[in-house]
Amino acid sequence: MILAGGLKSLLPHALRRIIRYNKLSVSNTSGMAKGYKQANVVILHKSLADEFEKFCHANDGPLPLLYRSKPGDWKCPSLSSDSDIRTDCLQYKVYEHGACTGSLESLEKYSEQLKDMVTFYLGCSFSFEKALQNAGIPIRNIEQKCNVSMYKTAVPCYSISPFCCNLVVTMRPIPESKLEAAVLATSELKEAHGAPIHIGDPGLLGIQDLSRSDYGDPVRLHPDDIPVFWACGVTGVEAVINCKAPLSFTHSPGCMFITDVTNNSVTVRSSREVPQVHCISQDPLHYSIVSAEAAQKIKTLETLIGIDPGDRGIIHLCRQDELLKACLSISHARSVLITTGFPTHFTYEPPEENDGPPGALAIAAILQALEKEVSIVTDQRAMNLNKKIIEEAVQLGILKKPIPLLSYQGQNADAALMFLCENGNPGKPRFDHLVAIERAGMAADGNYYNARKVNIKHLVDPIDELFLAAQTIPGIRTTGVGDGGNELGMGKVKDAVKEHIKNGDVIACDVEADFTIVAGVSNWGGYAIACALYILSTCEIHDRYLRKAVGLPQLSNKMVWLSALPSVTKEEKLLKSLVRLGVRSGKTASLEMEVDGLPFYNTHSLMIEKLL
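Small disclaimer: the values here were computed from a predicted structure and weren't measured. (Residues numbered from 1 in each chain as written. Predicted model: local features only at pLDDT ≥ 70, side-chain atom pairs only at ≥ 80, totals over all residues. Heavy atoms only, no water.)

**Points about the domain arrangement of the chain**
Item 1. When the domains of the chain are assigned, the result is domain 1 (9-125 + 237-262), domain 2 (128-228) and domain 3 (275-611).
Item 2. Using C-alpha coordinates to define each centre, domain 1 is positioned 21 Å away from domain 2.
Item 3. In this assembly, 30 residues from domain 1 lie in contact with 29 residues from domain 2.
Item 4. Counting each side, the surface lost to burial between domain 1 and domain 2 is near 2,400 Å², with a carbon and sulfur contribution of 60%. (Domains from an automatic or database assignment. Contact = heavy atoms within 4.5 Å. Buried area = accessible area lost by both parts, 1.4 Å probe.)

Here is the structure:
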């Protein structure tokens, strides 16, 4: 028998010959034939072949199709010159009516049945191991002399009858400092599953315990390692099991077919094709991926909205990349809760200013277009006003349908938890992200102040409690948008507010958000969030990561998303509606932005007096 240590220098055809004659004393092919493609194998009756091929194309992350044979053809000339699929995998699995009935080193005894069967060769992540090593990234399972870890997830693949199953993933521990290098090294190797589909907490994929792999072996993480998950071709095995075909075969997970084909060298890439990695949550740990091009567009938006028309010193409050990270987090959210309302005109009825609602509705409109759940929470005294504003927004075509309108009074110690989570259970949050835009924020003394140090606490419900409670609930992230430092969420920059903003020592909001977006006018922040979510949704790299590389790209919805973005016409109509409802101007400014190459002019808050 030939041991693993002497195999590293062997070429694929020599390895296949050794495997064919059962001369190899190893349990998997990880680390072999470095730089050459390895393949998962699925063998099905010819009557199922067309549907399985469609299933592969619909889920090309886990099932990148390298070759489909003709019925009864045991060779694959485009992948190898002298192979025989009956003998050239280390081990095979036999499935009958969805049940595994045996493991074999050869399928030769099934030669008669194989005459009516089709072999699918599917890409494997073992193929990118050399690329990782060339990037200076350790491969822990090779270090630990074991198979890679493979897990079933709760992520459903796109079904093509009779094939349906959940995604299977491989996990490789990657040092935190090497995350972006790992993504960059694998992203172009699409026939080896490409870039990771998840980085961080396995629970977000429905994996409860990394020490209990469903296939392969558990791999130990080093202290600074982050679990990184790639789509896995063993998804095809799960599809075979669920199909319950009378007879089918697969490779045994980890025992791949080794081809003569090398990985294509990665060419110089444009910024649209270069991925970046950003941490968007510590609890649970979660990273997201976006193209360098999309990230730069969003950074440009952040710079544009940071213009200070009132020369109030807000430049000192700005924190780099907060818009990008907030929107990456929101893009992963299923359900978003928005709050707005700053009763700065405390002697009038209604006391609200018109900075806030337009930005909130801009965020809500793009969230609706992205088919996310969205709700608004506001003061009880302002429920009727906000109901009318939402109705006007629907009539004007800003929103495609009404938004649920909620109120929160914080009547007891558990009120916030009960509001945010099903039956107060922190493990079942109703919302994934809370957004406050131009919302009065609680100061250190428990009061709420406008910019002139006037206490308006009697007009403000304690919605801050929801943001404070969210800090204790894993899985809920928060964003605050403001332009003066006294808005909900600005507690993250309160020291700068106290030092640089007039009356900051009194008015500074004490309640933090995970992400703080500072704008010259808060509505601009809302518009920028809407535009940034559009940019992320049209980013192919981010779209693939969001859908876990299963199903079809969502870019066909681009025009729907584009039509949901704010515009001058929409804003002017909404501002006129606010005037009719008695809402007064808080500030006046204008800003020009460009999104996706299109001119985008925003005139915030035309002088209400002139409109009257």
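**Focus: the pairing of strand S21 (residues 477-482)**
Item 1. Of all six residues in S21, six are buried, a share of seventy percent or more.
Item 2. Along S21, one buried face is formed by Arg 477, Thr 479 and Val 481 and the opposite face, lined by Thr 478, Gly 480 and Gly 482, is buried too.
Item 3. Across five bridges, the pairing between strand S20 (residues 433-439) and S21 is parallel. Opposite Ala 436, over in S21, you have Gly 480 as the bridge partner.
Item 4. Taking the sense of rotation as the criterion, the β-α-β connection linking S20, helix H13 (residues 464-470) and S21 turns out right-handed.
Item 5. One ladder, built from four bridges, connects S21 with strand S22 (residues 515-518); its direction is parallel. The residue of S22 that forms the bridge with Gly 480 is Thr 516. (Buried < 20%, exposed > 50% of the residue type's maximum accessible area, 1.4 Å probe, protein only. Helix = DSSP H or I, 4+ residues; strand = E, 2+ residues; numbered from the N terminus. Pairing = 2+ DSSP bridges. Right-handed = clockwise from strand over helix to strand, strands pointing away.)

**Some thoughts on empty space enclosed by the protein**
Item 1. Scanning the model with the defined rule gives four cavities of 30 Å³ or more in all.
Item 2. Put simply, the largest cavity is a space of about 90 Å³.
Item 3. Lining the largest cavity are Pro 358, Leu 361, Ala 362, Ala 365, Ile 398, Tyr 527, Ala 564, Pro 566, Ser 567, Lys 570, Glu 571 and Leu 574.
Item 4. Contributing elements (two or more residues each) for the lining of the largest cavity: helix H10 (357-369) and helix H19 (568-580).
Item 5. For the lining of the largest cavity, the element with the highest residue contribution is H10, accounting for four residues.
Item 6. Broken down by class, the residue content of the lining of the largest cavity amounts to nine nonpolar, one polar and two charged.
Item 7. Around the second largest cavity sit 14 residues that line it, and Asn 40, Cys 124, Met 150, Cys 232 and Met 256 are the ones nearest its centre.
Item 8. When residues of the lining of the second largest cavity are assigned to domains, at least three map to each of domain 1 (9-125 + 237-262) and domain 2 (128-228). (1 Å grid on protein atoms, 1.4 Å probe; cavity = no way out; pocket = protein on both sides within 12 Å on 5 of 7 lines; lining within 4 Å. Points joined across faces, edges and corners; volume = space filled by probe spheres on them. Nonpolar A, V, L, I, M, F, W, Y, C, P; charged D, E, K, R; others polar.)

**A few points about the nonpolar core**
Item 1. Within the largest apolar cluster, 63 residues are counted, with the highest numbers of intra-cluster contacts made by Leu 323, Ile 338, Ile 366, Leu 367, Leu 399, Ile 529 and Leu 533.
Item 2. The leading source of residues in this core is helix H16 (residues 522-537), at 11 residues.
Item 3. Among residues more than four places away in sequence, those in contact with Leu 323 are Ile 298, Leu 301, Glu 302, Ile 517, Ala 528 and Ile 529. (Core = buried A, V, L, I, M, F, W, Y, C linked by side-chain atoms within 4.5 Å.)

**Description of helix H1 (residues 12-20)**
Item 1. Residues Pro 12, Ala 14, Leu 15, Arg 16, Ile 18 and Ile 19 constitute the buried set of H1.
Item 2. Once H1 finishes, Asn 22 follows within two positions and takes phi at roughly 55°, a positive value.

**Topic: helix H9 (residues 322-332)**
Item 1. Most of H9 sits inside the fold, with nine of its 11 residues counted as buried.
Item 2. Residues of H9 that are buried include every one of Glu 322, Leu 323, Leu 324, Ala 326, Cys 327, Leu 328, Ser 329, Ile 330 and Ser 331, and no others.

**Quick notes on the pairing of strand S16 (residues 285-291)**
Item 1. Most of S16 is tucked away: seven of the seven residues are buried.
Item 2. Burial along S16 is two-sided: the residues Leu 285, Tyr 287, Ile 289 and Ser 291 and His 286, Ser 288 and Val 290 are all buried.
Item 3. Both strand S10 (residues 198-200) and S16 contribute to a ladder of two bridges, which runs antiparallel. Bridge pairing links Gly 200 to His 286 in S16.
Item 4. The sheet contact formed by strand S15 (residues 275-282) and S16 spans seven bridges and is antiparallel.

**What to know about the pattern of salt bridges**
Item 1. Applying the stated rule across the entire model yields 27 salt bridges.
Item 2. For Asp 260, the salt bridge goes to Arg 16, with nearest N and O atoms at 2.9 Å. Separated by 244 residues along the polypeptide, Asp 260 in strand S14 (residues 257-262) and Arg 16 in helix H1 bring together distant segments of the chain.
Item 3. Classification of Asp 260 by relative accessible area gives partly exposed; the value is 28%. (Salt bridge = Lys/Arg side-chain N within 4 Å of Asp/Glu carboxyl O.)

**Here we look at the packing of aromatic side chains**
Item 1. What the rule picks out here adds up to 10 aromatic pairs.
Item 2. Relative to Tyr 121, the ring of Tyr 67 lies with its centre 5.9 Å away and its plane at 55°, an arrangement referred to as tilted. Of the two residues, Tyr 67 sits in strand S4 (residues 65-68) while Tyr 121 sits in strand S7 (residues 117-123), which places them 54 residues apart along the sequence.
Item 3. A residue is classified by how much of its surface remains accessible, and Tyr 67, at 18% relative accessible area, is buried.
Item 4. Seen in terms of ring centroids, Tyr 121 and Phe 257 are 5.3 Å apart; in terms of plane orientation they differ by 65°. Their pairing is edge-to-face. (Phe/Tyr/Trp six-rings, centres within 6.5 Å; stacked < 30°, edge-to-face > 60°.)

**A word on the sheet that holds strand S18 (residues 373-378)**
Item 1. Taken in spatial order, the six strands of this open sheet run S19-S18-S17-S20-S21-S22, and their pairing is parallel. Strand pairing shows two members of the sheet lacking a second neighbour, strand S19 (405-407) and S22, which therefore form its edges. Along the sheet, successive strands turn relative to each other by an average axial angle of 25°, direction set aside.
Item 2. Here five bridges tie strand S17 (residues 335-341) to S18, and the two strands are oriented parallel to one another. Following the sheet pairing, Leu 337 is matched in S18 by Ser 375.
Item 3. Packing against the sheet, helix H11 (residues 383-395) makes contact with S18 and S19, and its axis sits at approximately 165° to S19. (Axes fitted to C-alpha atoms, helices over the stretch in contact; angles between N-to-C directions.)

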